[in-house]
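Notes for the structure review
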Amino acid sequence: MYFCNEKVTTLEKNMNIKEQYRRFKQWQLTPFHYENNNPTTVRCANCGTEFADNYCPRCGQKAGLGRVCWKSVRQSVALLWGLDSRSLGYSLVQLLLRPGYMISDYIGGRRQVSFPPVKMLFIIAVAYGLLSGWFGHPMPFATPLGFARQFGEWLDKYPGWGLLCIAFFNIFPTLFFFYRAPRNGHHSLPEGFFIQVFMATIIMLISCFWVFLSWINVLIPIYFFVAYKQLFGYGWWGTLWRAAASLLVGFVLFGLFIGIVDLFVMGHFAEPKIFVEVLLLSVAMMIIAHFVNKTSEKKRNSKGE
């Protein structure tokens, strides 16, 4: 009887975990619920329009705003630091828990629920600069990318601008390798720019935690993979080889750019050792994932037949 009860308890726990995971996946896909919190008719204090909703349909001012009070002061200060209705903190939570789906929402037109991505990147970069200054930690990826010493120093000094520059080199490779993706295929170059801005924000955010936890930078490639899988809709192996290929090409383009700058500015080509090592590792990862993906597709097709 004891073993029977223990098995039932274990089964219930497994069912609860599965149910919680199912709810989490459902939340990842549809996290936003819009409700009218103001069903009564009110008059807009700004333009005089009568309406029964949260915001005025003519001028967009929030319902219920009256004279300036201490709450107005608090909201103005919160707005300065991105803590208004389009909360910076809420957007960062979204970016950590559903990165690809959030990016998909933004480039698909659901921008009102997201904090402005470029502004978010630079606020997180400022936060990282303060943390690294207090605790004396350099950026975890500034040294290995240091094909040119001056660029590495500049990247360490201005991480927001540096990551934004590096992100440009991943726009074309991502567009090329994910052009026929089940979701967000054929995305435009401006949309590709915002995809990379969000990815740079993820790197910057993880780097803030890296100041305290030296091992946490291993999450950067994991987040790249998860975000690309959610964003483009390929399977595990299909996402892996395409993500590895796009990052590889972006890395090569970035390395060539730094090398050309070194050649014309410093008079010699940049040190290629680290570049070659990362290149070979990326090629190996891309080839293995590609062949595993092909094998998985053949097995699925044979079962379907």
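Let us look at the structure shown here. Note that the structure is predicted; figures quoted are calculated from it, not measured. (Residues numbered from 1 in each chain as written. Predicted model: local features only at pLDDT ≥ 70, side-chain atom pairs only at ≥ 80, totals over all residues. Heavy atoms only, no water.)

Counting its regular elements, the protein chain contains 12 helices and two strands. Ordered by position from N to C terminus, the α and β elements of the protein chain give α-β-β-α-α-α-α-α-α-α-α-α-α-α. In the protein chain, which comprises 305 residues, the share counted as buried stands at 38%. Contacts spanning at least 24 positions in sequence make up 65% of the contacts within the protein chain whose residues lie at least 6 apart. In the form shown here, the protein chain has an accessible surface area of approximately 19,000 Å², with 65% of it arising from carbon and sulfur atoms. (Helix = DSSP H or I, 4+ residues; strand = E, 2+ residues; numbered from the N terminus. Buried < 20%, exposed > 50% of the residue type's maximum accessible area, 1.4 Å probe, protein only. Contact = heavy atoms within 4.5 Å. Areas by Shrake-Rupley, 256 points an atom, 1.4 Å probe, with all protein chains shown as cover.)

Once the charged atoms of two side chains with opposite charge are near each other, the side chains can pair. Inspection of every chain in the model, using the stated rule, returns five salt bridges. Ionic pairing is found between Arg 23 and Glu 19, a salt bridge with its closest N-O pair at 3.1 Å. With a gap of four residues between them, Arg 23 and Glu 19 both fall in helix α1 (residues 2-29), about one helical turn apart. In this structure, the salt-bridge partner of Asp 105 is Arg 110, at a minimum N-O distance of 3.9 Å. (Salt bridge = Lys/Arg side-chain N within 4 Å of Asp/Glu carboxyl O.)

A cluster of nonpolar side chains, namely Tyr 21, Phe 24, Val 93 and Leu 97, defines an oily patch on the protein surface of about 360 Å² accessible area. Put simply, the parts of the chain that give the nonpolar patch at least two residues each are α1 and α3 (88-97). Relative to the elements of secondary structure, Val 93 occurs in helix α3. What makes Val 93 partly exposed here is its relative accessible area of 40%. (Patch = residues over 30% accessible without salt bridge, like charges linked within 9 Å, V, L, I, M, F, W, Y side chains within 5 Å.)

Close contact between helix α9 (residues 189-210) and helix α10 (residues 219-232) brings their axes to 10 Å; oriented N to C, the two are set at 150°. When the interaxial angle is binned, α9 and α10 end up roughly antiparallel. As for the relative orientation of α9 and α10, their crossing is right-handed in sense. On the side of α9, the interface is formed by Ile 195, Gln 196, Met 199, Ile 202, Ile 203 and Ile 206, while α10 contributes Leu 219, Ile 220, Tyr 223, Phe 224, Ala 227, Tyr 228, Leu 231 and Phe 232. Taken together, the residues that form the contact of α9 with α10 break down as 13 nonpolar, one polar and no charged. (Axes fitted to C-alpha atoms, helices over the stretch in contact; angles between N-to-C directions. Parallel < 35°, antiparallel > 145°, perpendicular 65-115°, else oblique. Left-handed = near helix turned anticlockwise from the far one by under 90°. Nonpolar A, V, L, I, M, F, W, Y, C, P; charged D, E, K, R; others polar.)

What follows covers the packing of aromatic side chains. Two aromatic rings are characterised by how far apart their centres lie and by the angle between their planes. Using the criterion set out here, one finds 12 aromatic pairs in the structure. Taking the centre distance of 5.0 Å and the plane angle of 90° together, the rings of Phe 176 and Phe 177 count as edge-to-face. The class of Phe 176 is exposed, set by a relative accessible area of 62%. On the basis of relative accessible area, Phe 177 is assigned to the buried category, the value being 19%. On the basis of an interplanar angle of 85° and a centroid distance of 5.2 Å, the ring pair of Phe 178 and Tyr 228 is categorised as edge-to-face. One end of the pair, Phe 178, is in the loop between α8 (171-177) and α9; the other, Tyr 228, is in helix α10, and 50 residues separate them in sequence. Three or more aromatic residues link up through ring pairs in this structure, and these residues are Tyr 106, Phe 168, Phe 193, Phe 194 and Phe 198. (Phe/Tyr/Trp six-rings, centres within 6.5 Å; stacked < 30°, edge-to-face > 60°.)

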